[in-house]
Structure formats: structure tokens, C-alpha cells
There are 4 protein chains.
Amino acid sequence: MKIIIEENYEQLSQTTAQILLGHMHQDKRVNVSVTAGNSPKRFYEIITPLVKNKTHLANVHYYSFDEVPFKGEAVGMTEGLLRAEYFGPAEIAESNIHLLSPDNYQKFDAEIANAGGLDVMLIGIGGDGHFCANMPDSTRFDAMTHKVDILPEYPWYDGLKADAGDKMPDAFYTMGAASIMKVKHLVLIANGKHKADILKKALEGPVDPNIPSSILKLHPNLTVILDQEAASALDK
Amino acid sequence: MKIIIEENYEQLSQTTAQILLGHMHQDKRVNVSVTAGNSPKRFYEIITPLVKNKTHLANVHYYSFDEVPFKGEAVGMTEGLLRAEYFGPAEIAESNIHLLSPDNYQKFDAEIANAGGLDVMLIGIGGDGHFCANMPDSTRFDAMTHKVDILPEYPWYDGLKADAGDKMPDAFYTMGAASIMKVKHLVLIANGKHKADILKKALEGPVDPNIPSSILKLHPNLTVILDQEAASALDK
Amino acid sequence: MKIIIEENYEQLSQTTAQILLGHMHQDKRVNVSVTAGNSPKRFYEIITPLVKNKTHLANVHYYSFDEVPFKGEAVGMTEGLLRAEYFGPAEIAESNIHLLSPDNYQKFDAEIANAGGLDVMLIGIGGDGHFCANMPDSTRFDAMTHKVDILPEYPWYDGLKADAGDKMPDAFYTMGAASIMKVKHLVLIANGKHKADILKKALEGPVDPNIPSSILKLHPNLTVILDQEAASALDK
Amino acid sequence: MKIIIEENYEQLSQTTAQILLGHMHQDKRVNVSVTAGNSPKRFYEIITPLVKNKTHLANVHYYSFDEVPFKGEAVGMTEGLLRAEYFGPAEIAESNIHLLSPDNYQKFDAEIANAGGLDVMLIGIGGDGHFCANMPDSTRFDAMTHKVDILPEYPWYDGLKADAGDKMPDAFYTMGAASIMKVKHLVLIANGKHKADILKKALEGPVDPNIPSSILKLHPNLTVILDQEAASALDK
């Protein structure tokens, strides 16, 4: 694990952009898995003009790593966010977008393997320690891409219900820790004081299913990029 | 995880030899980590004449992955076994042998990283689920190479004491699960009926610190080779 | 370049089998390109029973690297030989066989790139120094997979015409040297006294378009396996 | 080969920085080979503040790829330029600098292999088509790192003599094309109208020892970054 502590969110986003663009500019098919949410927002702003309409980046394919299919919505939560934040603005060709869905989750690992595996994945960390949709309690560390039944017994149930309301799905879908270990380069970003405590637990505490991202320390090639605030609780 | 079930121990050993020799015959430095013990005995018999005095295998370097330094013995347990079973008979050059020891354990991960990382590692599994010297209860999954203090509270203490007697050391040394995830190809072999139960737990049960080898399912490129007896309790 | 000189053809074939099987037994999609002809005959005999009906080798995909479409024949020369010598006897699933043809040659490099690239390729060398169907005089070293027009001006025209007679095609198809450089591990085998002179030129002489295989020395991970006779003219 | 044509020298330098920094930020030893000269000047300006005193980049090691040991000078030409343009300003630790020299050229390939190989190399192209110190006429494509005797018969002799005067050395040292093929990612940069003609020959013409860089088209993972002027003579 390599931890990079940047001065601020802007520099964190610039460094993230360098890493992702560095992979993309190779002369080979490059499979990238990207995340939605707040942390990567500035990163997407930076790379969008550098990626949009660049024919020399036709070798780059994108994969999502989770999906929450809200009831009555044609497009899943992750797909919607990725299209709004990146695929749309950067005008990524549909042929280069590969989305995890309730229909393909059982074949998604094989699809990725048959494309040569994921070269790089960008992820965030939740305040509760989740990564992708590997949530506290419901995580089994040895899982590849799988379906997670949404049950009232899980500590995250009420929060999801509050957000989803009538659209609450019965299940969501995510790559598991075993899928993530196969990614050749894993990049975890986090910024802000509200992430400081969970980062201390995830990066410096023991491996614990209640803090799913604590397993990421085992990844063979993990780069963690934090701003000063997010890193403020770490020992070193 | 790929599981290969062979007819018998002989065929298991032949397949293991093919995999290791396949790596070694490349035109690059190849870093191999090998195990001692009963499971690889026939494997060593097979490869010794194919490796001995072969100048075209001067590119192959060997690393041990654990060491138990019995008191009053000049040579640690792992070193002694590896020299007796393989390095001696195969006449491996000293310059190509890199042994973990109490003196170098804090620098061993760096030494391996600076040599390009381990290409392949051959490991066995203990009846109690240990791998390398990651033993039940004393295992912290996110460890790289580390020292393990030998304490009476551990479930394996009495067994070790019975073996070691007056030579009982205060600590032993081992690569951890985080070191092992960095190995590019991990090969686990096991044979015999007495390994059937622990293999079921390790390969089909949840990740559990009391069964250290249960973490190996997360390795990005793991080949498990079993004979029919060792595989007899597996679901599939 | 690593040169392995084996006692005889049997040992050459065993070592070749170890290398290819070593690649295949990984827990990832493995893309293999294999050759037809005399040199690999014993190799195919060795691996056929080890590969046939092995579900744990469903991850292995096969690619041909050239094709000569004789007129009036439904099946090209390379396809015919590969099916007779290996795909048929080893009962390789059609879904795992990917054949270069006049119809797909312009897309073949992309197809391979989109499957993660070739992990290993086994090739032979012709008495005239050709590899794949890169023939003396008609070879342009920077070519990827391409069509070669069959013209009377080439030194190999008369020989091909003598073989092909009425079935003489207008063109054949082959991966070029630039395609081959992208293969992660290249394995060249040759046996017998009649190969000694061309091997000396190819392996120890300058890079020369009239000896196409002289370019193979630039491959980043090349293993050459010879028997004593084939190696007899080499300096070292 | 992937060709990227940037608007101008500034953007070319930014893209080059992204690629190099992308490699460096991994959690593994990263071996980088860099070039001196005019083309990378802006690139060095960009990366110097991003690299200087960054402890998280202690994993990055630098290798030079050629050396011209002028008589009577304590420091070779390449070393002098690299120190002035990058190693000095960026305060790279001496332990991370590995310089090719008359003393170590016979062991340099082995040193690199034993460190896991070069991950990325940045090169330029000379107006005469040279790369590294592989010059017209004196280049043998299958060479690894080697010594080049400076002889009056070579087309570049008079130019070098005019520059070197009394300090004219008897030989210089360079990695050869076979060394370069082993680099995992090769990045070639060129800017300005005066490079347009040679780039057309090198990138679109046949492989030719009189245009040494024409061999680079065979590299398995080559990214070429040009400004509009340097790209102006290319067909596409």
C-alpha cells in the first residue's frame, strides 16, 4: 500500500488524473473501472477535456463495479451517476462502456477476464467503511461479483430505505473483494475531515467484515490518495 | 481460484512440476518461492534432474517464505529442509538462494520488491489450516513479512513445544497474507485424506483468522492442485 | 533470448510441454498460439492426454498465426493441420479455437488485443528462415497481421507452386513480426541437423529480411529449445 | 504503436508527464529510463515540483540508456545533462540513480533484469533517425547494451568530431534495440518542424539500419507523442 497525502482536493484530483491517464495512454486495450460520487467530481472535470473525442483513446474501455436498480427506474443508480458525471460529458462511445446489471452480474467476471482483466480501478470509501457495494455485515470477503439481498437485519438497511422510499429494490449488485484483488492497479481516493476516522480504521486497523474496506490493504498494488484532512487521523 | 483434481499424488506432482518449470524457462529473472514438507517431496524428485547443472536456469532465484530458528541450531528449520530436499540435491548456486531469517525479516519484502517481485510460489496447507507460518489465532491478514512471538495462549503452542523441547524459540518469521497477494502466481498443493476437511473449510468456507488459508481464495491468480483424496470433501 | 539445448527430440518435446502447460494452468484466461508441422508432433502427443476433457483448462484459448487458403479446399492448410494434429485429438471446444482466415485477417490483431493479448506462442523455423508465413524477401518487419500476395518474383514461389499445383492461391495470411513482439512469451523449437545452418544464421547473424526469423532475437521474452543436432552449428 | 498528436509543445509535455507520473505512483518498484536533450525540457519543468522530496516516490529508480565519455571530463555527457536537467533540480537520491558507464556497460542489462526490468522509458529521436546512441550505419538491431567504436567511416563521425574536438572519445555506450524491446512501455516524444521528415521515415517507412528508430515500430507497447509540427509530414 502506498499512501499519498496531497495538500488539498485539487492536488488530489490532479494526481488521480495523472495515474488514470498514464494507464490509458498505453498502446494496448486498457480496461478501467471508475466510481461515481463526490470524491471523483474534480477528477472528472480534469480528465473530461483530455479524453473527449480523442481517437487515440479508443483503446480504453470502462466498467462499472456496482449497481443499485431502484424500482421503477429505467437506469440504475451507478449507471445514472456515471453517465451524468463522466460518460456523457466526455462523450465516451457506447461500445466502450460495460455496465454491471441485474441481467449480467453472473457473467460479469468472465466478461472482464475475457477482455484481459481490469488494468486500473478508481474507488472511494464510505463513511461506514464500504467500498463498491460491499457494505458492513453483508460482506463476504471471498466473493467475486455477486448479488446482495437487501435485508432489514443489515446496519445499512434503514439508511437505504430512507433514500429509496417506494423505489427500494430487493437486491443490489457489486464486485466483491476477490474481484478487486484481480485489478492490476487499485486507486483509492478520499478527501475531507469526515473520512478521517474511517480511513484510520480501514488503513491501520485489522481486517474486519464490519469495515469492508479494511480488506483493501491486501491488494497487491494499491495507491491511496488523500487530502490533509482525510489523512489527519493516521499515525503516519 | 482454479482447482485441479488429479488422479493421484504422482500426477499432482507432475502437474506441479510443469507449472514451476514453465515459469522458470522464461527469458527473464524468475523469482520462485518454494515450500518444504511432505507434499512437495515427489515434485522435488521430478524437477531435481531437470534443474541440476542447467546453465539455462541461472535466471531462477529462490526465496524461502518462513523460518523457525530453533535454539542452538545453526540453521533454521525451513532452511534445513529446503537444503536437504532441494537446494542440495539440485545443486542450486548459493547466489540464487535467498533465505528469510531473524536478521533480514524486516528488509525481506523490500529485497523481493527490488528483484521484481515473486513470480510463483508453491505452498502447502497444514491440518490446522495454516499456510507459510500464518497459524490459527496468531494471524493478522494484512501483514507483510513479520515476526510472530510464540505465546502459550496460541492453540498451536503445545504442539510446537512438544516438537521443539529445549530448542523452543521465542519467535518465528513468515511472509503474511499481504506478501502472498503480491506473488504473481500462487500454487497450493495438498494430497491425502487427512487434508480433506481442512481444504473444505479453507476453499469453501468463509474467510476466518482461525483458518488462515481461508484468505488465499482472494489471491488474484491461484491454482490449487489436489489428489482425489484431498478433494473428497469438496462440494464440486 | 534463452537457448536451451536438449539431448534429443523427446526431451525437447517434454520441455516444450512443461512451458506450455505451465502457462495454461494459471487462473486467468490464457491465450495460446500454436504451430503445425513436424517439430511439434511429439509435443502434441505429450499434451493431448493432459489437456483432453480437462474442465480446469476451459480458460485456454487457441489462436492460429497464419493461413494458406488453397483453392477449392474448404479448410485452409494451417487449420487442417492444427485440427488433425491437436484440436481434434485433444477435443478442444470450438468456442476456444480462433482461426486466422482471409475473412478476418484485418480484424485479427484487434480480436487478440480485446482478449488481453497472446500469453504464449509456439513457433518453428523453416529451412529458408521463415517463421509463421513471414517468408524471405516478402517480409516487412514492421507488419502486424497482413495479407501476402503470392508473386513469381519471390524466392519461395516455385516451391509453393510445386506443392499447390492447381490449388495455388493468390495470397496467404500471417501475423507479422510486430504482432509477434506483442506475445508475452515466445517459444521457438527446432530439431535435426537440417535446421543447424539456418539456426546459426537466424540466432547469431544480423537482422536480415532474407532470413525473417533473424528478427526474433529482438523479442523481449524468447525461449529457444533445440536438440543437439539443431544446435550443432551455434558458436555457444 | 499509438500516435498522439498534441496541439503544441506544452500539451505534449503535459501528456508525457501524466504517463510517467502514472507509472511512478504505483505501489511497486518502478524503473524509469529517461532522456536528456531539448524535447523533454518542459516535461522536466512540469514534473520536478511533483517529484521533489516526495517520500511516496522513493519506489522510483532511474536508469540512463547511453553515455558519451568525453576525454578529460569526469562526468559523461548523458550523466551531466540528466543531472543538470532533472536529477539535480528534483533532488533525486543517489541510491535511486543508475547510470550506464564504460565500467558497467557489460553488466547493465543484468542489473536491470535483476531489478525487475524497465517499466517505462522516455526517448527522443535525432534528426538523423538515431535513438539512444543507436546511430545510422553503426546500429545492429539485435544488440543489447553495448560499446560502439567511433570510426571515421560512420556518417556521424564528422559531426561528433566537430562537437568534441580534443575530447573526442574512442567509443560510446548505449542500450540497443533488443534492450529497448524489453521495456514494458516505451514513450517517444518529438516536437518541431525539423523533426517532421525523419518521423515520417521512422514511423511510416520500412525498417532500415540507416534510420535506427525505424525499428521502434516493433515495440510491443509504444506511445508516440508529437506536436502538430512534428506530425505534419505523416500520412495519417
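See the structure printed just above.
Worth saying up front: this structure is predicted, and the values here are computed from it rather than measured.

A. Representation of the packing of aromatic side chains in the model. Applying the stated rule across the entire model yields 36 aromatic pairs over all chains. Ring geometry for C:Y105 versus C:Y173: centroids 4.9 Å apart, planes at 50 degrees, classification tilted. A residue pair is termed long-range when its members are at least 10 positions apart, and C:Y105 in the loop between β5 (97-98) and α4 (108-113) and C:Y173 in strand β8 (residues 171-174) qualify at 68 residues. On the basis of relative accessibility, which here comes to 15%, the residue C:Y105 falls in the buried class. Grouping aromatic residues by their ring pairs yields a cluster made of A:F43, A:Y44, A:Y62, A:Y86 and A:F87.

B. Spotlight on the pairing of strand β10 (residues 222-227) of chain C. Residue and element names in this part refer to chain C. Taking burial as the measure, the six residues of β10 include six buried ones, the bulk of the element. By the bridge criterion, five bridges tie strand β1 (residues 2-6) to β10 in an arrangement that is parallel. Opposite I5, over in β10, you have L226 as the bridge partner. Judged from the five bridges that link them, strand β9 (residues 185-190) and β10 form a sheet pairing that is parallel.

C. Main features of the sheet that holds strand β7 (residues 146-149) of chain C. What the three strands build is an open sheet, ordered β4-β8-β7 (chain C); its pairing is antiparallel. One side of each edge strand has no neighbouring strand; the edge strands of this open sheet are β4 (66-67) and β7 of chain C.

D. Fine view of unusual backbone geometry. The phi torsion at B:D137 lies on the positive side, around 75 degrees, for a residue other than glycine. Note that B:D137 resides in the loop between β6 (120-123) and β7 (146-149).

E. Expanded view of the interface of chain A and chain D. Contact with chain A, which involves 24 residues of that partner, is made by 24 residues of chain D. Between chain A and chain D the total buried area reaches about 1,900 Å² when both faces are included, carbon and sulfur atoms providing 50% of it. For the pair chain A and chain D, the number of links is zero salt bridges. Inspection of the chain A/chain D interface yields 14 residue pairs in polar contact (both at pLDDT 80 or more). Only β1 (2-6), α1 (9-24) and β10 (222-227) of chain A provide two or more residues apiece to the side of chain A that touches chain D.

F. Local environment of the sheet that holds β10(A). All names here are of chain A. Strand order in this open sheet of seven strands is β1-β10-β9-β6-β2-β3-β5, and the pairing throughout is parallel. One side of each edge strand has no neighbouring strand; the edge strands of this open sheet are β1 and β5 (97-98). Across two bridges, strand β2 (residues 30-33) lies against strand β6 (residues 120-123) in parallel orientation. Counted as the bridge partner of S33 is M121 from β6. Strands β1, β9 (185-190) and β10 of the sheet are contacted by helix α7 (residues 196-204), whose axis makes an angle of about 160 degrees with β10.

G. Broad picture of the pattern of salt bridges. Residue and element names in this part refer to chain B. One pass over the structure, following the stated rule, counts 58 salt bridges over all chains. Between D170 and K71 there is a salt bridge, with the nearest N and O atoms lying 3.6 Å from each other. On the criterion of sequence distance, the pair formed by D170 in the loop between α5 (157-164) and β8 (171-174) and K71 in the loop between β4 (66-67) and α3 (77-87) is long-range, its members being 99 residues apart. Using a relative accessible area of 43% as the deciding quantity, one classes K71 as partly exposed.

H. Spatial organisation of the side chain of D:H25. The residue D:H25 is located in the loop between α1 (9-24) and β2 (30-33) in this model. On the basis of relative accessible area, D:H25 is assigned to the buried category, the value being 3%. Separated by 2.8 Å, the side chain of D:H25 and the backbone oxygen of D:L21 make a polar contact. Those residues in contact with D:H25, other than ones at most four positions away along the chain, are A:K2, A:I4, A:T15, A:Q18, A:I19, A:H185, A:T223, D:H56 and D:L57.

Rules behind the numbers
- Residues numbered from 1 in each chain as written.
- Chains lettered and ligands numbered in written order.
- Predicted model: local features only at pLDDT ≥ 70, side-chain atom pairs only at ≥ 80, totals over all residues.
- Heavy atoms only, no water.
- Phe/Tyr/Trp six-rings, centres within 6.5 Å; stacked < 30°, edge-to-face > 60°.
- Helix = DSSP H or I, 4+ residues; strand = E, 2+ residues; numbered from the N terminus.
- Buried < 20%, exposed > 50% of the residue type's maximum accessible area, 1.4 Å probe, protein only.
- Pairing = 2+ DSSP bridges.
- Contact = heavy atoms within 4.5 Å.
- Buried area = accessible area lost by both parts, 1.4 Å probe.
- Salt bridge = Lys/Arg side-chain N within 4 Å of Asp/Glu carboxyl O.
- Polar contact = N/O pair within 3.5 Å; in protein donor to acceptor, adjacent residues only side chain to side chain.
- Axes fitted to C-alpha atoms, helices over the stretch in contact; angles between N-to-C directions.

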